[in-house]
Each structure stands twice: as structure tokens, then as C-alpha cells.
Amino acid sequence: MSQRHRLAQGGRIDRTRRLTFTFNGRSYEGHPGDTLASALLANGVTLVARSWKYHRPRGIVACGVEEPNAVVQLETGARTVPNARATEVELYEGLVASSVNCWPGPELDLMAAARLFSRLMPAGFYYKTFMWPKGLWMKYEHYIRKASGLGHSPTEPDPDAYDKMNAHCDVLVAGGGPAGLAAALAAGKAGARVILADQQAEFGGTLLSLRETAIDGIPAAQWAGQAVQRLSAMANVRLLARSTVFGYHDENFLTIAQRRTDHLPPGERSGARERTWRVRAKQVVLATGALERPLVFGDNDLPGVMLASAVSCFTNRHGVRLGGRAVVFTNNDGAYAAALDLHAAGVEVAAVVDARPAPEGALPRLVRDAGIEVVQGAVVTRARGAKRLTGAHVMALDEGGERVHGPVRTIDCDLLAMSGGWSPAVHLHAQSNGRPRYDEARACFVPGASNQAQRSAGACNGRFDLESCLAEGAASGLEAARLACAAALPVAPRHSVSPATREEPLRPLWLVPATQPPGHGAKQFVDPQNDVAASDILLAAREGYRSIEHVKRYTALGFGTDQGKLGNINGMAILAQALGQTIAETGTTTFRPNYTPVTFGAIAGPDLGELFEPVRKTAMHAWHEENGALFENVGQWKRPWYFPRAGEDLHSAVNRECLAARTGVGIMDASTLGKIDIKGPDAATFLNLVYTNAWSKLAVGRCRYGIMLDENGMVMDDGVTTRLGENHFLMTTTTGGAARVMAWLERWLQTEWPHFKVYLTSVTDHLATAAVVGPKSRDVLRAACTDIDFSPEAFPFMSYREGTVAGVHAIVTRISFSGELAYEVNVCANLGRHVWNALIEAGKPFGITPYGTEAMHVLRAEKGFIIVGQDTDGSVTPVDLGMDWIIGKGKDFIGRRSLHRSDTRREDRKQLVGLLTEDPKTVLPEGGQVVKDASAPVPVPMEGHVTSSYFSAFLDRSIALALVKGGAKRHGEEVQVPLADGRVLRATIAPPVFVDAEGARQNV
Amino acid sequence: MLIIPCPWCGPREQTEFAYGGEAHIVRPKDPDALSDEQWGDYVFMRRNPKGRLLEQWAHAFGCRRWFNVERDTVSYAITRVYKPGEPAPEEAR
């Protein structure tokens, strides 16, 4: 019998089918209905992990999302999942899992020696020890990460698909336990559109773990099944199982991760692995339940120590025999159910140890009636055992709850069910901008006032008995439906529960006193996943930490995959005690989304690869591809980078392309430049305000280069604008700045100058633009276009003409970004390829050479033309660029006043200069720091940095542009550019124009 | 995620909008008349209140129009939207 710890009968498992799975290399069997955790326990696997700091043996503690120890690496290869909680993993045939934090395995852990030094590793140990000497942290960190760490992420691309669903509903119910089912039934029956989401495969929550309780006269689990049937029959209700509501955002926007295939063997999975639901709900009912708290006593992390609710769940729901002899340790009535469940399953219950002096509730009475000893007014001070629990030390607790006394009684046991009470899962309430408040009477944080259209019902609202859960769930569902649908509705249905379970109050017990002060005896763990013990929190308090948020970060309390769901409230209460303040004053850490870990795939959905961002291609793109272009991304655009011929590398291709443009003729696709059509009687006035230079007197038919500043006086865009008519301009912007400039212009027009009659239209995609560049460009244009007079007199530099190219109407501008004679041919985009072909044909006799962005950059840098965003960085004024000439006088423009502030007038601002290297073949690295003397004592004063740097084939030497402090007056000065490899390059500051400073070449 | 009632299009998801910061910052008519400090105040200084704020939003992925929003910076509740040029609502009493 492989499942030697399986009870002979019972449990919501399908015993007719066996599933084989592998854990840490060994093969086991389980049944459908098992989680990985319950299957491991059924096979007697109690040691599942080693703790990350001390490498202590750890077992399964919980049965749900709060499980801190049974964190596994699931599957291998591309589909591997790091840090899956075994308590949430549904078992399937062939499942492969391994412990994440031990090597070679939990039974023989080579890092366990760390335990011997645990006294030397208190809170903040890493901070204190490894942050000194400065700089060595990086080296230590590598080994610390190796020794601790959780699972590893896959190294291959994720083979699964993910999708997203937008949905609206009247009532979203988060959580399908008793309160959630009652709420959904009430709201659904009232006709509201309902979404009910639950993180488990089966709806019912705790109802699935109850043994004897009946609702409306039928067993609880069966009642849950019938409720689901009734809900399924309602067309207005959507049931989402295996779906975690993980985020509660503004205006009732909630996000749900639905796991669609993870419960199937990998070979049987199809369709999207996960679906992220984005739900706008008119009303929300939170029915997220509560999380049971541990008790903090010595060595409470030994395998065999478990939450009482987990004991009930594994026993009743999964039919697992958890041990041979059990002790139940509690401060409340609820855990007595675990004693009864164990008793009914044939497990000997040695004793129930209750911190309360005289428990007389219904459940304690049933326990006594069953012949089980109740040790009242007592606590378990320490668990005994090495890799597995073997016994418990029990001592009497004094009235104040601060000291234990009397003899130590040792009770032999291999299972200890503990319960420190319950903490409502207020996470979503807190995310919804609610503020949990501490309820002294119930000793837990409960939801405070709602700041969105939501209410909490059931255990997450501090109602821990089933009858109240059902009643509050039904009432909340109805109330939500009434508010969402604005309709008069029937009264809430009533659900009866038997046997009635009225409970006596618990006795708050955050830290169990021991015979020795914390830190001296056995470790009392608060957060087992992060190895945080009570002594660590007390140490933090002694060292002066007051805020729970700081204590969290100092001790690591509440980090990791469970985010403190197990022990955080204990930790806060222990801190409160140490600081002599109330728990309410201490407060909680912030409950942030996501409630449980969400995969990156679920967040990304289908927005991956090509679907992540649109790719923009010009009308001529196919031609570039056919002619061997390599592309570079400029914003969303694909632009030809260069056109290598056989055997050419980037360098030789760019040299050839540049020389063609300087000595013959080149052609470049300039379609990606932003283009904005500006019309209206106030268009020129508007341009006067948005550009630094003046536009009123620009003649129709002429073009002008303009620079745009922000109100802080810094360059934000540039480009050539053409006056097509008295009230009609065509503006060009940088490729990457097109959308930004459009939005900028619109904003000024709408908010500051709404009285202007100006109309803006983005025409970037409407026009295809071919730049024909070089001394022979006029010949090419003459061959391609016969109805424009291209003579210098008739068509001067910086003007435009309209005509016909290859039968297509064209706007031809004579502008130049290379300093050469050049024309730009703009045609309707869908005829762009046709016109481009015609220009190539017309250019063949002249050796027309296509060139890409790299050659364009070299050509413009040779002329000292800036690229906004490369030679400027948002802190550069036109004066810094030596472009005083473009600053209009006698008119206002955006940013003008800022150019006269004391800071922008400083003479030692970084200014644009050229740099000529001592060795003409050496190309400076862009971004290189410019210094006077690299051998000066550190920190070497930095004079500036290289912004653009290329090899100029035309000049047969390297050229660079740089921003250098006071550079305008430092021409001729020698500077140095030190490199990371230790070399120091020497260069001389020069004017930023390297070719044809007079501009003769473009004016022919 | 907020739902913002565009005065032209109606309520839409926040992802359709672009934020413009505090509203009613009027560009000075005569910037030269301002000291450096006064100009700096116009360019940089904002009230950043805890509570009621009048701010600009643009329906960037919709009608592309700018408008003003009265919003509480603590609760994020939007209490009013109004078009550019319309007067600022008086302080809530």
C-alpha cells in the first residue's frame, strides 16, 4: 500500500483512480481531489523543505495560500513554475515537483550546518555583517543568494498562451465559501448580473472540510454542491473557479487570475493557460474568508506542527491520516473541531491544551464527552523532535498570560494542531482604499469603513461562526443587488445550521511565554518562510525600530511568497507588546496587490512580441527589404539602417553611402519624420509662439528650420516647416517626437489660446518622402519631373514647388539635412513605392545610392546639425547649441523668458562643440566623459560628454560632437576622454561644423 | 483605474486619457515683467494639495480634447468636469 497514511475511507477524493507523481526524484501515488500537499502527507512525506536562513527542517503547516514551507519547483524546462505552494497545486498524473530550498534534498541538506550558527545570525545580520567593507556586498551577495533563495525561473521562452477578458457585472463576489455562495445566491436570485470567483477548483471553501455540520438540513459540502448547481442554472451568474481576485483597484475595477490548464497534465493542456479578467463591478461583496493564526512557541516550526484548520482539511477533505497521536493547542473553541475530526478518523488525541482557564463552550464539551483530556489554562512551551515532532512540553499559564509556571509535562505526539485564532483576509478591503481597524473583542483586524462600493461578509468581516457567515453573505448579496440594480427586492433567504456552534471568546495569545526569555531558548517562529522568530522582532524593537513597516524590512517579516499571511498579525502584536502600545496603534503593514503571486504571463496576456507594440513601416519598406537593408528601430518605425553590398560591414557600407551623397547622389527614405498640417488665419501667429524664430514674414513657397522649446527654455524638438499658403503650413518634426509635438501644440491651442483659429492634422502617415541628396540630385529630379523648373534661380534653397513625379502630384522641398544640394519629394503615401521606383530609375545613370540612418547621421554630424534627444537631453538651450541666430527678437515664444534666467545665462553651461581626436582613426565612444586631465586625483572633474561620434569617410578622420562646460570659448583646447579599459584618448575642442562651414555646397 | 467623464464623450477608462497637472495656471501676458522667481513659480511651482484639486486631462485616445477635472487627491473621487474657459468651481464649502 503506497499511500500508507491514507484513511480507509472518507474525503472528497476519487479512490477509483490513482495518479502517479514525483517529488524530489521519488515516485508516489495520490488520487484526483488531492493537492500535492495532501498527496505527500498521504504518503507520509512530512519533511518538505529546509528554511532559507538556518536550513531547519520544515513540513506542511497550512492547507491554502498561506502555506510558508511547502514551496516547490513545479515541472521542468520551459514550463517550470518556481515557488508553487504545494497546498494550492492540484494533483495530476505525472506531476513533477521538487523542494526549492535545499540541496541535495530536505532529508540530507548540506547547508544545515547553518543551524549551528543560528545564534550568530539575528535580524539584520546580513545588513550588519556584509555591508562592510564598502563594495564587497556584491561578492557576498552572490553566495548568500545561492545559499538561500527560492525557486528558479525558467530560462526558455514561455510556450503557453495567456489572454485577457474585460467584463462588467452588477455584483462581483470574491470568494466562494459559505458567505460568498450565500451572497451569490441572493444576488443571483434577485436578478443581478453576478460574477462569483473562487481560487479553488471546487466552490465551498471551509464547507468542504466540515465533517458533521449540516446547512438547511443537508451536509455542508453537499449544500455547497447544490448551491453551485443552482447558480449554474442562472443565466445571470458567471462562476469562475480556480480564479483568484488578486487586485482591487479604483472605481471597483478588480483583476482576477483564472488558471485554466494548470490542473491538467502538460500533455493534455490546450488553449490559454491563464486568463486575466478585468472586471468593472457596480457592487462588490468580499467574502474572502479568514486565515488561521499560528501559535508562537519554541520550535513551533518542526514538521508535524500544523494549523488546526489544516488538520481538519487534510483529515476530512483529503482523507489523510496525519499522525498516530495528536495534541491540539489552542486559545479558542474552533480548534476543538480538529480534535473531534482526528478522533473520528481514529487518530488518538492525547490532549487539548487550551490557554483559557475554563473553556466551557459546546465544542469543548463534545471533546470532553469523547473522553479526550482538556488541559486548561496551559500552553505548549516547546515542541520536541529532530526532523519530526515527537512530543510537546506543556506548562501552566498564569492569569496575566505573561509567565508559565509549575512542572513541565511532556506529552508524546507526532502531530500538533495549533490555533491562535483567526485573521480576516482583509487584503482586498485594504486594497480598495479601506482601512482595517483592530477589533479588541474579537482580537483581529476587521474591515473599516468602505471607500468604494463594497462590503465584506462572513469570516473576512470577523464573523467566524457558520450561521453568521451565511446570514451576512445573503444579506450582503441582496444589498449589493439592490444598490446595483436599483430595484425593490425580496428579503434575504435564511439558512439554518446544525449543530449550532456558538463559540466562547478566545484568549489572545501572540507569543507563548517560555521558561527562558526569547532569544535564549528554542526559537519561536513568527514567519517560518523568512525564518523570523519572536526574538528578531524584539531585537528590532530594542534597536530602536518603531514602525511596523521598518521592522518588516529589518527582519524580513512578511516577505516571500506568502506575504505574511500566516504570522504577520502575531508579529505586529509582538512588536506592539514590546513597544508598550496597543495593536491598533501599531497597525498593519500595507496590503498591496497582488493577493497571491500572479504569473508574468497572466499580466502580459497576449500583448507579446509583435502584438506588444505596433510596428510602423513606410510605403517603401518592401523595396528596402528587397535591396538588403538592415533596419533599426526609431520609435515604432522600422528605418533602413544601411544597405550593405556583398562583403561589406557597417563601416564600409556607411563610408560608401556617405561618399555617394557627398560626391554623386544618394536617396533616403524620410517618410518617418512627423508631419503636421497647420491651417487657419492664426497659423503664423501660432508658429511665432511655438518656435523660437519668426514666421509671419516667411513668404508663401518658402521653408524654414525651427526649434521648439519647452517653457523651461530647453530644446524639445526641431524640424523644417513649409509655408504652403498664406494660412497653410506643413510642419515636420523629429521621427520620435511626432506624437509628443502634436499633443503639445493641441494643448496650447485648446487651453491657452483657444481664440486662435488654427487647425492641426497629423499627416505623418499620409505622405511618403524620398530625400534625393548630393551634387547630382538636381539631375535626377530633372529626369524624374518635367513640370518643375529646377534651376537655382527658379527653385532656390529653402523653398518648395509642386509638380508631377511619375504621374503623381508631388510637393518637392529643397531642404538639406546633409549640407548638400538636396530635394525631398513628398507624395501620397500609397503611391510612395511607385514614386521611389521612378526616382531610383531616374537616378541610375547618375549612380544613385540608397542610404540609411547611419549615413544620414554621419552626414548631419559633419555639418554639426543636432539630433534632438541625442545631442540634447532636455537640459540644453538653443544658446548652449550655439544657435543664438534662431532666437527671434521682438516677439514672445514659449520658453523665451527662461533663456534670461540667471542659470540659463551662465557662461559655464555645457555647450555644443566639436572634438577632433589626436589619432584621426580613433572614434570616441558616444557617452564618453570629457575631462581635462584623466590622471587628476579622483573624483576627476567632469567637463562634459560626447554626444555623437563617427568616422567621416569624406574627411578621412573621426569627428565627434560633445557638450562641454563653457565649450564655446574653448576651441583649440586639448581634452581627454578616459575609457573603461584604462586607455585615455586625447582630443582637441573644435567648432561643431566639420564640412563646409559657409554652406556653399547646398547653395548651388 | 479611474473612470473619467469626458465632457464630450462621456465616462471612459483612465487608460484613454493623458494627465496635464494642475489647471488654471495662466501663462503670464508679459513674461518680461516678471522676476526670475515669479517666472520660476509659473513654470515649476504647483500647489500639490491633499484633497480638492482642479486639474487638466486630455482625452488622448478619444476626442483629443482637453478639459478640467475637480478631483480629490486622497479619495480620487471626481466631483466635477468642465470645459476649458469655463470658470473654476468655487471652493467646496
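Conventions we followed
- Residues numbered from 1 in each chain as written.
- Chains lettered and ligands numbered in written order.
- Predicted model: local features only at pLDDT ≥ 70, side-chain atom pairs only at ≥ 80, totals over all residues.
- Pairing = 2+ DSSP bridges.
- Helix = DSSP H or I, 4+ residues; strand = E, 2+ residues; numbered from the N terminus.
- Contact = placed C-beta atoms within 7 Å.
- Nonpolar A, V, L, I, M, F, W, Y, C, P; charged D, E, K, R; others polar.
- Axes fitted to C-alpha atoms, helices over the stretch in contact; angles between N-to-C directions.
- Buried ≥ 20, exposed ≤ 12 C-beta atoms within 10 Å, placed from the backbone.

As for the pairing of strand β1 (residues 3-6) of chain B
Residue and element names in this part refer to chain B.
Now for step 1: In this structure, β1 lies alongside strand β2 (residues 10-13), joined through four bridges in antiparallel fashion. Paired with Ile 3 across the bridge in β2 is Glu 13.
Now for step 2: Once β1 ends, the chain turns through three residues before running back antiparallel as β2.

Comments concerning the interface of chain B and chain A
Now for step 1: Chain B puts 21 residues into the contact, and the matching count from chain A is 20 residues.
Now for step 2: Sorting the residues of the side of chain B that touches chain A by element identifies α1 (36-44) and β4 (52-58) of chain B as the ones contributing at least two each.
Now for step 3: No other element matches the three residues that α1 of chain B contributes to the side of chain B that touches chain A.
Now for step 4: Residue composition of the side of chain B that touches chain A, grouped by class: 12 nonpolar, four polar and five charged.

Thoughts on the sheet that holds β4 of chain B
The strands making up a sheet associate through backbone hydrogen bonding, with each pair oriented either parallel or antiparallel.
Now for step 1: Within the open sheet, the four strands sit side by side as β3-β4-β5-β6 (chain B). Their pairing is antiparallel. Strand pairing shows two members of the sheet lacking a second neighbour, β3 (18-22) and β6 (78-82) of chain B, which therefore form its edges. Each strand axis lies, on average, 30 degrees off the axis of its neighbour in the sheet, ignoring direction.
Now for step 2: In this structure, β4 of chain B lies alongside strand β5 (residues 66-72) of chain B, joined through seven bridges in antiparallel fashion. Opposite Gln 56 of chain B, over in β5 of chain B, you have Asn 68 of chain B as the bridge partner.
Now for step 3: On top of the sheet, helix α19 (residues 738-752) of chain A reaches β3, β4 and β5 of chain B; it is set at about 75 degrees to β5 of chain B, its chief contact.

Re unusual backbone geometry
Where the residue is not glycine, phi is negative for most of them; where a peptide bond is considered, it is trans in most cases.
Now for step 1: Here Ser 498 of chain A and Pro 499 of chain A are connected by a cis peptide whose omega angle stands at -5 degrees.
Now for step 2: With respect to the helices and strands, Pro 499 of chain A occurs in the loop between β29 (497-498) and β30 (525-527).
Now for step 3: Omega for the peptide link from Pro 593 of chain A to Asn 594 of chain A comes to 10 degrees, which places this bond in the cis form.
Now for step 4: Mapping Asn 594 of chain A onto the fold places it in the loop between α14 (583-586) and α15 (600-604).
Now for step 5: Non-glycine residue Asp 996 of chain A carries a positive phi angle of around 55 degrees.
Now for step 6: Residue position: Asp 996 of chain A is located in the segment after β50 (984-990).
Now for step 7: Using a count of 16 C-beta atoms within 10 Å as the deciding quantity, one classes Asp 996 of chain A as partly exposed.
Now for step 8: Even without glycine at this site, His 24 of chain B takes up a positive phi of about 65 degrees.
Now for step 9: Relative to the elements of secondary structure, His 24 of chain B occurs in the loop between β3 and α1.

Section: the sheet that holds strand β40 (residues 767-773) of chain A
Residues and elements named next belong to chain A.
Now for step 1: Here we have six strands laid out as an open sheet, ordered β41-β42-β43-β40-β34-β44, and mixed in their pairing. The open sheet has two free edges, formed respectively by β41 (800-805) and β44 (849-850), since each of these has just one partner strand.
Now for step 2: Sheet topology places strand β34 (residues 666-669) next to β40; four bridges connect them, and they run antiparallel. From the neighbouring strand, Met 668 faces β40, where its bridge partner is Ala 771.
Now for step 3: The strands touched by helix α17 (residues 650-663) within the sheet are β34, β40 and β44, with β34 carrying the most contacts at an inclination of about 115 degrees.

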